[in-house]
Amino acid sequence: MHIVVCVKQVPDTKIIKINPKTNTLDRRSAPAILNPYDAHAVQEAVKLTKTIGKGTISVLSMGPPQAVAVIKKSIEIGADRGFLISDRAFAGADTLATSYALSKALERISKDMPVDLIICGKHAIDGDTGQVGPGIARRLDIPPVTNVIEVTELNEVEKTIQIKRKITNGYELIQAQVPCLLTVEKEINSIEYSPMPNMIKAARYEPVIWSVNDLEEVDRTQLGLKGSPTIVGKMFTPPKPEGGKRLEGNAEEQVKQLMELLNDKKELFVSR
Amino acid sequence: MSEKFDVIVVGAGPAGTSCAYTCAKNGLKVLQIERGEYPGSKNVMGGVLYRKQMEEIIPEFWKEAPLERPVVEQRFWMMDKESTVSFGYKGLEWGKEPYNNFTVLRAPFDQWFAKKGIEQGVLLINETVVLECLTENGKVVGVRTDRPDGEVFADVVVLADGVNSLLAKQLGYHKEFRPDEVALTVMEVINLSKDKINDRFNLEDNQGCTIEIFGDSTKGNLGTAFIYTNKDSINIGVGTTLSSMIKAKLKPYDLLDYLKTHPMVRPLIEGGESAEYLAHLIPEGGYHSVPKVAGDGVLLAGDAAQLVNAIHREGSNMAMASGTMAAETIIDAKKRGDFSETSLNQYRETLYQSFIIKDLEKYKDATHTFEHYPQYFKEYVPMLNRAASKFFTVDGTPKKEKQKEIMKSFTSERGTIRMIQDMYRAWKAVK
């Protein structure tokens, strides 16, 4: 069983500051960390290989050379090896270009060792789009399974996987063929305190770093800024809402109160 | 069995990293373990880094290390409630290579320094607590960390785990430190624009100033306060021995607030924004508190060995020098293939012949004297301020008479004999 986990280095958005003048993230104000959802993705790979009793876990990331840190972090959690694609040609990529570049790297990885399962975090905490995982699956023509909260069974002989997915009003049990791609929620597992040998291995580990030339059959127009149709029109910090009123009572009473309030403010509904 | 290293260094502060760096540079297999999220995340220092000892490890480090400002002026204030007698030295030669010392922020500096070690081959592991030294027949053979499969082994373990050094305590090298052997220092980093700092401290870009404040800064208790200028922030802090704090029922944060709102200090930090708040113990016991520094398979360096010269606010330089000395001993011991106490005692000998222990010995009674006789901070500082005020106030009194009055006020306040005793005692403590 060969599992590849896609990981991303992100600024720790819990403590990051927004530059009030430019409305952009002040990246110096927060340390770069392994995207928390991706940490759970790596942990799940560790759990699955442990259950099966064998397997190889590779991690893949795209980013500047300092993104090596998140690969080392993944090794601490229990990954066996790591690949970083790092090149100016990848810079400025949106989710479309990112999933293209990662899928090319995945093709390269699977050439040496066929990939049975790809796991990604649900989304990155700096972009919150959740598009890269499904984007990779689409390009590799494998099923994407999003919002995974539990892998209930992985059958290597039948090449099937049973999954519990989080949906709005509960969860869904599905079965998919492997290879497939999972994107995981945080509740799928808890990150274990890494054992000392993993820490030593990670401190020593030097991942494979590929430039665009190391990947095969790459259409350069689909990479980086050139391959990114997304345009950020404006970024701003929403002003803190002021005032407000809390409606009390049971649901019916609250709806009634709300309707009264809305009826009193008909001017809000005049079309502009 | 777990992997075996030549050296395990516990702690990634200046002492630990100096030792790890030098060992790795000389081809030894080094594992360094830091409990913080990254080096510099846990430790606290007022913020003066001395050039000399750092340069001996990394020549011309100032060209690449994250430093704040080279210090060109050192001021000393004897502060009373509404006055200050000050003296100092400003020399532009300190603003040029090779410099004398620098203000630094430890979080970026320690990370940079640790990275230099990694480049030499040190394996640095963060977020890992060393719980105890592993011993075999009294010889330290490794450490046990708080991680699963957490035992690692080495020929020699260097304890650079800071002032409390619980590991050295477990080995029985020192007892719990007494409250008069440690100072509690609290400090803040206050963001202030570069222009304001330059104006208020009479500096140009890339010039720094340090102010050490005695007297009312600690409400007359044994200790000091400090103000150091960074690029666009100020480090301000105050510390007294734990025993003084207990005796005077002082709360450290109250003391810092008192300092920040003191009329002599307030204008310097006015309008600044508090960015960080830190507190730490500082080993101030000096010579008498230095524990056993070498044992079978183990060495102590930096704060863990209580190597701080409180009188001259030197600590990080002693940490670096002691870390390097420990490394040199380990390198020699490796050649000898002997990591017994006798072999590692080479470190003790080097340490005791160096400026470190010589300086600590010079001031071995200073803290004790000033702690035991509080009049120096409590009475002499205000007396000095009154005298200066009287002498410099132009009121038509002839200067000679003023001098007489001042001398009389000194002797009448403390009594001639007691004053002579005080002066003699102070001289003896620092001679």
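What counts as what
Residues numbered from 1 in each chain as written. Chains lettered and ligands numbered in written order. Predicted model: local features only at pLDDT ≥ 70, side-chain atom pairs only at ≥ 80, totals over all residues. Helix = DSSP H or I, 4+ residues; strand = E, 2+ residues; numbered from the N terminus. Contact = placed C-beta atoms within 7 Å. Rg over C-alpha atoms; globule rule 2.2 N^0.38 Å. Buried ≥ 20, exposed ≤ 12 C-beta atoms within 10 Å, placed from the backbone. Core = buried A, V, L, I, M, F, W, Y, C linked by C-beta atoms within 7 Å. Expected span 1.5 Å × (residues − 1). Pairing = 2+ DSSP bridges. Axes fitted to C-alpha atoms, helices over the stretch in contact; angles between N-to-C directions. UniProt positions renumbered as here; feature names shortened; annotations may be inferred. Domains from an automatic or database assignment. Parallel < 35°, antiparallel > 145°, perpendicular 65-115°, else oblique. Left-handed = near helix turned anticlockwise from the far one by under 90°. Nonpolar A, V, L, I, M, F, W, Y, C, P; charged D, E, K, R; others polar.

1. Describing the overall build of chain A
Regarding its fold elements, chain A presents six helices and 13 strands. Projected onto its principal axes, the C-alpha coordinates of chain A cover approximately 70 × 45 × 40 Å. For chain A, the proportion of contacts with a sequence separation of at least 24, taken over those separated by at least 6, is 69%.

2. A look at the overall build of chain B
The number of helices and strands found in chain B is 15 helices and 17 strands. A compact globule built from 431 residues should have a C-alpha radius of gyration of about 22 Å, and chain B, at 23 Å, falls within 12% of that. The principal-axis extent of the C-alpha atoms belonging to chain B is close to 85 × 50 × 35 Å. When burial is assessed residue by residue, chain B has 48% of its 431 residues classed as buried.

3. Section: the nonpolar core
Of all hydrophobic cores here, the largest spans 180 residues; its most connected members are Val-5 of chain A together with Val-158 of chain B. Looking at which element gives the most residues to this core, the answer is helix 9 (residues 316-336) of chain B, with nine residues. When neighbours within four sequence positions are excluded, Val-5 of chain A is seen to be in contact with Asp-38, Ala-41, Val-42, Ala-45, Ile-57, Val-59, Ser-74, Ala-79 and Ile-119 of chain A.

4. Here we look at helix 3 (residues 95-112) of chain A
Its 18 residues place the ends of helix 3 of chain A 26 Å apart at the C-alpha level, agreeing with the 26 Å of an ideal helix rising 1.5 Å per residue. In this structure, the buried side of helix 3 of chain A is in contact with strand 1 (2-7), strand 6 (56-62), strand 7 (81-85), strand 8 (117-121), helix 4 (132-140) and strand 13 (208-210) of chain A.

5. Here we look at the sheet that holds strand 4 (residues 71-79) of chain B
Residues and elements named next belong to chain B. Taken in spatial order, the seven strands of this open sheet run 5-4-12-13-14-11-15, and their pairing is mixed. For this open sheet the edge positions go to strand 5 (84-90) and strand 15 (273-283), each flanked by a neighbour on one side alone. When strand polarity is set aside, the average angle formed by the axes of neighbouring strands in this sheet is 15°. The strands that helix 7 (residues 252-260) touches are strand 11 (182-191), strand 13 (223-229), strand 14 (233-241) and strand 15; relative to strand 14, the one it contacts most, it runs at about 130°.

6. Notes on the pairing of strand 9 (residues 144-155) of chain A
Residues and elements named next belong to chain A. Sheet topology note: the strand 9/strand 12 (residues 180-184) ladder contains three bridges and is parallel. Across the sheet, Val-145 pairs through a bridge with Leu-182, a residue of strand 12. Examined bridge by bridge, strand 9 and strand 10 (residues 160-167) share six bridges and lie antiparallel to one another. For Asn-155, the partnering residue across the bridge sits in strand 10 and is Thr-160.

7. Thoughts on the UniProt feature "domain: FixC-like C-terminal" (unreviewed entry) in chain B
Per the UniProt record, "domain: FixC-like C-terminal" (unreviewed entry) is found at residues 367-430 of chain B. As annotated, residues 367-430 of chain B comprises 86% helix and 0% strand, and the C-alpha atoms at either end are separated by 10 Å.

8. Comments concerning the domain arrangement of chain B
Splitting chain B by domain gives domain 1 (4-67 + 104-175 + 286-353), domain 2 (182-283) and domain 3 (367-430). Between the C-alpha centres of domain 1 of chain B and domain 3 of chain B there is a distance of 44 Å.

9. Describing the sheet that holds strand 11 (residues 170-177) of chain A
Residues and elements named next belong to chain A. Within the open sheet, the nine strands sit side by side as 11-10-9-12-8-1-6-7-13. Their pairing is mixed. In the strand order of this sheet, the two ends are held by strand 11 and strand 13, each with one partner. Within the sheet, the average angular offset between the axes of one strand and its neighbour, ignoring direction, is 30°. Here helix 1 (residues 36-52) sits on the sheet in contact with strand 1, strand 6, strand 8, strand 9 and strand 12, set at roughly 170° to strand 1. Each of strand 1, strand 8, strand 9 and strand 12 is contacted by helix 4, which is oriented at about 65° to strand 9, the strand it contacts most.

10. As for helix 1 (residues 14-25) of chain B
All names here are of chain B. Between its terminal C-alpha atoms helix 1 stretches 16 Å, which fits the 16 Å expected from 12 residues at 1.5 Å a residue. When you tally the buried positions in helix 1, you get 11 out of 12 residues, the bulk of the element. For helix 1, the complete set of buried residues consists of Pro-14, Ala-15, Gly-16, Thr-17, Ser-18, Cys-19, Ala-20, Tyr-21, Thr-22, Cys-23 and Ala-24. Next to the buried residues of helix 1 lie strand 1 (4-10), strand 2 (30-33), helix 2 (51-57), helix 3 (106-119), strand 10 (151-159) and helix 9.

11. So, the environment of Thr-324 of chain B
Residues and elements named next belong to chain B. Tracing the backbone through its elements, the reader meets Thr-324 in helix 9. Judged by the 21 C-beta atoms lying within 10 Å of it, Thr-324 falls in the buried class. Residues Thr-324 and Ala-301, 23 residues apart in the sequence, show an inter-C-alpha distance of 9.0 Å. Sequence-distant contacts of Thr-324, defined by excluding residues within four places in its chain, comprise Ser-18, Cys-19, Thr-22, Glu-56 and Ile-57.

12. As for the packing of helix 13 (residues 375-392) of chain B against helix 14 (residues 399-414) of chain B
Residues and elements named next belong to chain B. Between helix 13 and helix 14, the shortest axis-to-axis distance is 10 Å and the interhelical angle comes to 160°. Our classification of the angle between helix 13 and helix 14 gives roughly antiparallel. Considering the relative orientation of helix 13 and helix 14, their crossing is right-handed. Two secondary-structure elements touch here, helix 13 through Glu-379, Met-383, Ala-387, Lys-390 and Phe-391 and helix 14 through Lys-402, Glu-405, Ile-406, Phe-410, Glu-413 and Arg-414. Grouping the constituent residues of the contact of helix 13 with helix 14 by class yields five nonpolar, no polar and six charged.

13. Let's talk about unusual backbone geometry
In this structure, Pro-179 of chain A follows Val-178 of chain A across a cis peptide bond, with omega equal to 0°. Relative to the elements of secondary structure, Pro-179 of chain A occurs in the loop between strand 11 and strand 12. The phi angle at Asp-128 of chain A is positive, at roughly 60°, despite the residue not being glycine. In this structure, Asp-128 of chain A sits in the loop between strand 8 and helix 4. Residue class for Asp-128 of chain A comes out exposed when judged on the 10 C-beta atoms lying within 10 Å of it. Residues other than glycine seldom take positive phi values, yet Tyr-99 of chain B does so here, at roughly 70°. Tracing the backbone through its elements, the reader meets Tyr-99 of chain B in the loop between strand 5 and strand 6 (101-103). The exposure class assigned to Tyr-99 of chain B is partly exposed, which follows from the 18 C-beta atoms found within 10 Å.

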